[in-house]
Amino acid sequence: MPIIVNLDVMMAKRKISLGELAERIDLTPANLSILKTGKAKAVRFSTLEAICKELDCQPGDILEFRNEE
Amino acid sequence: MKKFRILGIIAILVMIANITFNFEDGWSSFLEGYHEGARSYKSVPDNLYRVSLEVKPLESIANDSIFNQVAEQKVPYQISEITTYAQPSPWIILVMIISALSMFAFIFGFYFFIRFLFEVSKRNVFCEANVWRIRFFVYSYTAIIVSMELFAWIAGGAAIAQTQIPGYQIIDHAEASPAWLPVIMMIILAECFVIGVRMKEEQDLTI
């Protein structure tokens, strides 16, 4: 998929675990894991906003476009 | 859910009844043909196939009449369908093979349909397995209908060219299968179900 999710990179930089982040943004660890592993089909703006607020980053730090051509 | 279970049971019973009656009809036709072939004064060669044809009386010919006991007078009658034998093209063998394979596939399709109903009654509706089950059932049923129509078209076309009946005009081979509309509706509804499953998968994977 051309959109790469770099959530694990940001989580490592902020030294926060998956379970902790999920609890802070009111998401289940299973759903956050789907996002982290790149299996998600779509992300709501509200979820993206909550993640960026918690990890103190920009959406571009989490989502990256990589052309597969 | 209770309404769905009742509908599911009715659907299964109707399908079993349909298959049973068609089997009985086919079996009685087979027996009739077998006994007819056994008679010494009339035997049908193996390369001829039984075909039903629609006929219409010629306009220049006066209608035949029969006596009606209640009206106490003669009333006209017409023959609209005849059953005869014809030698179709060799393609009929291929169609018969396709029909046999379709019927074999439909046995599994019927089983998958029952499994689908069972899973839905357990509230396990929008899953990939159900997509495969409903598609297999619908397309195996469609294959049967298509092969039946092909058989009727090939055999009927041959019979029309080879048969003449005095006083009547052969207009078409008799319809041997249900109308196409239910089959197309089944395909459309099955594909709508597939789209629904894909949408649910996407919704589940929207974080």
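Quick caveat: nothing in here was measured; it's all calculated off a predicted structure.

What counts and what doesn't
- Residues numbered from 1 in each chain as written.
- Chains lettered and ligands numbered in written order.
- Predicted model: local features only at pLDDT ≥ 70, side-chain atom pairs only at ≥ 80, totals over all residues.
- Heavy atoms only, no water.
- Helix = DSSP H or I, 4+ residues; strand = E, 2+ residues; numbered from the N terminus.
- Contact = heavy atoms within 4.5 Å.
- Patch = residues over 30% accessible without salt bridge, like charges linked within 9 Å, V, L, I, M, F, W, Y side chains within 5 Å.
- Areas by Shrake-Rupley, 256 points an atom, 1.4 Å probe, with all protein chains shown as cover.
- Salt bridge = Lys/Arg side-chain N within 4 Å of Asp/Glu carboxyl O.
- Buried area = accessible area lost by both parts, 1.4 Å probe.
- Polar contact = N/O pair within 3.5 Å; in protein donor to acceptor, adjacent residues only side chain to side chain.
- Nonpolar A, V, L, I, M, F, W, Y, C, P; charged D, E, K, R; others polar.
- Buried < 20%, exposed > 50% of the residue type's maximum accessible area, 1.4 Å probe, protein only.
- Phe/Tyr/Trp six-rings, centres within 6.5 Å; stacked < 30°, edge-to-face > 60°.

Novice: Kindly report on the overall build of chain B, identifying the contributing residues and their values.
Specialist: Along the backbone of chain B there are 4 helices and 5 strands. When the helices and strands of chain B are placed in sequence order, the string is α-β-β-β-β-α-α-β-α. In chain B, 80% of the contacts between residues at least 6 apart in sequence involve partners at least 24 apart.

Novice: Before we move on, could you go through a nonpolar patch on the surface and cite the residues and values that matter?
Specialist: All names here are of chain B. On the surface, Val146, Leu150, Trp153, Trp180, Leu181, Ile184, Met185 and Ile188 cluster together into a nonpolar patch covering about 750 Å² of accessible area. Among the secondary structure elements, those contributing two or more residues to the nonpolar patch are helix H3 (128-162) and helix H4 (180-204). Here the nonpolar patch gets 5 residues from one element, more than from any other, and that element is H4. Its location among the elements puts Trp180 in helix H4.

Novice: Would you mind going over the interface of chain B and chain A in detail, with residue names and values included?
Specialist: Chain B puts 5 residues into the contact, and the matching count from chain A is 11 residues. Where chain B abuts chain A, roughly 710 Å² becomes buried across the two surfaces, and 64% of that area is made up of carbon and sulfur atoms. Connecting chain B to chain A are 6 residue pairs in polar contact (both at pLDDT 80 or more). When grouped by side-chain class, the residues that make up the side of chain B that touches chain A number 2 nonpolar, 2 polar and 1 charged.

Novice: Any details on the environment of Met199(B)? Residues and values, ideally.
Specialist: Residue and element names in this part refer to chain B. Note that Met199 resides in helix H4. A relative accessible area of 55% places Met199 in the exposed class. In the structure, Met199 is positioned 73 residues away from Phe126 in sequence and 9.6 Å away in space, judged by C-alpha atoms.

Novice: Mind laying out the packing of aromatic side chains, listing which residues take part and the relevant values?
Specialist: All names here are of chain B. Taken as a whole, this structure holds 11 aromatic pairs over all chains when the rule is applied. Taken together, a centroid distance of 5.9 Å and an interplanar angle of 35 degrees make the contact between Phe106 and Phe137 tilted. Pair noted here: Phe106 is in helix H2 (residues 91-121) and Phe137 is in helix H3, with a separation of 31 residues, a long-range link. For Phe106, a relative accessible area of 9% puts it in the buried group. With a centroid separation of 5.6 Å and an interplanar angle of 50 degrees, the aromatic rings of Tyr111 and Phe112 are classed as tilted. A relative accessible area of 15% means that Phe112 is categorised as buried. Three or more aromatic residues joined by ring pairs make a cluster, and in this case those are Phe106, Phe110, Phe113, Phe137 and Tyr141.

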